[in-house]
Amino acid sequence: MSGPKRTSYSIARELYQLRKQEQSIRRKNQIDEITKELEHCTKQIQKLMNNHGNSVHYISDRVESWMNDVNQALSGDLRDAWRSLKGIKIYLNTQEERLNKKDQRMKQQKLSAEKQYQKAKHHEQEKQKNIIKAQDEIEQMKDRISELKHEFGDKISQIMKQPNKWIEESAIELGTNPTSVSNSMKGVRNYLDSKENEIKKIRTKMIQEEKTNRIVESIKSIETDYADLMNDGIKQRIDLFSKSIQ
């Protein structure tokens, strides 16, 4: 005798459960993949810190905020997590490439300075040594200012006016009075150190603005991600909510 016949409802129910299980497995696999990518990003940050020291701590601060967003998104729509993760990877790779180029440039500058020293050691050796030292100090301050400009752009233009002026004046004076140039570079260093708290406040504000923009971008993406559900009422609510967040 054959057993009881399966109804179309029971078959549909089994198919539904099977699809739910498959969806659950796919979601778990995606979360595992995102988690591994975050671990890789953490190792990349540590590598940058090891190679470049505290001068790149702002990269860690910015990415840490970004990674928190990814972890929060793991309990919701994974597309938000993937979008943020993609942004983190692009940012870290860009920063790593820029810093590697900077290191290469500094090595070339150091090599060039050493060659100049060897060439000039029989002619006013002590003076040339002081000039090279002062020139290296100028380049160090230029690099520090360049790092800040790269991070903040026009937001710190007022802060940078005075040190830029000192550096320009020192470059003119370098060949005649390297000792004075060294003292001027100490002044630039002390000035930038005195502005550290002000710069930190600007950095915090930028991180907050970037986080707000990411949230708004995620909300705006609803219109394309769920285009089949869109109507004028929902679009108006999305616009109002985005403006409210901003």
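Coordinates for the structure precede this section.
Note that this is a predicted model, so its numbers are computed, not measured.

**Re helix α5 (residues 157-173)**
- Given a rise of 1.5 Å per residue, 17 residues ought to cover 24 Å, and the 24 Å separating the end C-alpha atoms of α5 matches this to within 8%.
- Bending of α5 peaks at approximately 25° at the position of Pro163.
- Summarising the contacts, the buried residues of α5 are in contact with α4 (125-152), α6 (178-194) and α7 (196-220).

**Regarding the nonpolar core**
- If you look at the biggest cluster of nonpolar residues, it comprises 21 residues, and the most contacted ones within it are Ile34, Ile59, Val63, Ile88 and Leu92.
- Mapped onto this core, the elements with two or more residues apiece are α1 (8-52), α2 (57-73) and α3 (78-120).
- Ile167, Val181, Tyr191 and Met206 belong to the second-largest nonpolar core, a separate cluster that totals 20 residues.

**Observations regarding α2**
- Given a rise of 1.5 Å per residue, 17 residues ought to cover 24 Å, and the 25 Å separating the end C-alpha atoms of α2 matches this to within 8%.
- Buried residues of α2: Tyr58, Ile59, Arg62, Val63, Ser65, Trp66, Met67, Asp69, Val70 and Ala73, and no others.

**Describing the side chain of Glu137**
- For Glu137, the location among the structural elements is in helix α4.
- Its relative accessible area of 12% is what places Glu137 among the buried residues.
- Of note is the side chain of Glu137, whose polar atom sits 2.8 Å from the side chain of Lys133.
- Ignoring anything within four residues of it in the chain, the contact list for Glu137 reads Ser182 and Met185.

**As for the pattern of salt bridges**
- Here the structure, examined in full by the defined rule, presents 16 salt bridges.
- Residue Lys28 pairs with Asp32 through a salt bridge whose shortest N-O separation is 3.1 Å. One end of the pair, Lys28, and the other, Asp32, are both in helix α1, four residues apart, so they sit about a helical turn from each other.
- Taking the shortest distance from any N to any O, the salt bridge between Arg62 and Glu210 comes out at 3.5 Å. Of this pair, Arg62 sits in helix α2 while Glu210 sits in helix α7; the two residues are 148 residues apart in sequence, bridging distant segments of the chain.
- According to the relative accessible area criterion, Arg62 is buried, its value standing at 10%.
- Since its relative accessible area comes to 24%, Glu210 is described here as partly exposed.
- Linked through salt bridges whose partners overlap, the residues forming this network are Asp69, Lys211 and Arg214.

The rules behind these values
Residues numbered from 1 in each chain as written. Predicted model: local features only at pLDDT ≥ 70, side-chain atom pairs only at ≥ 80, totals over all residues. Heavy atoms only, no water. Helix = DSSP H or I, 4+ residues; strand = E, 2+ residues; numbered from the N terminus. Expected span 1.5 Å × (residues − 1). Bend = angle between axes of the 7 residues up to and from the residue. Contact = heavy atoms within 4.5 Å. Core = buried A, V, L, I, M, F, W, Y, C linked by side-chain atoms within 4.5 Å. Buried < 20%, exposed > 50% of the residue type's maximum accessible area, 1.4 Å probe, protein only. Polar contact = N/O pair within 3.5 Å; in protein donor to acceptor, adjacent residues only side chain to side chain. Salt bridge = Lys/Arg side-chain N within 4 Å of Asp/Glu carboxyl O.

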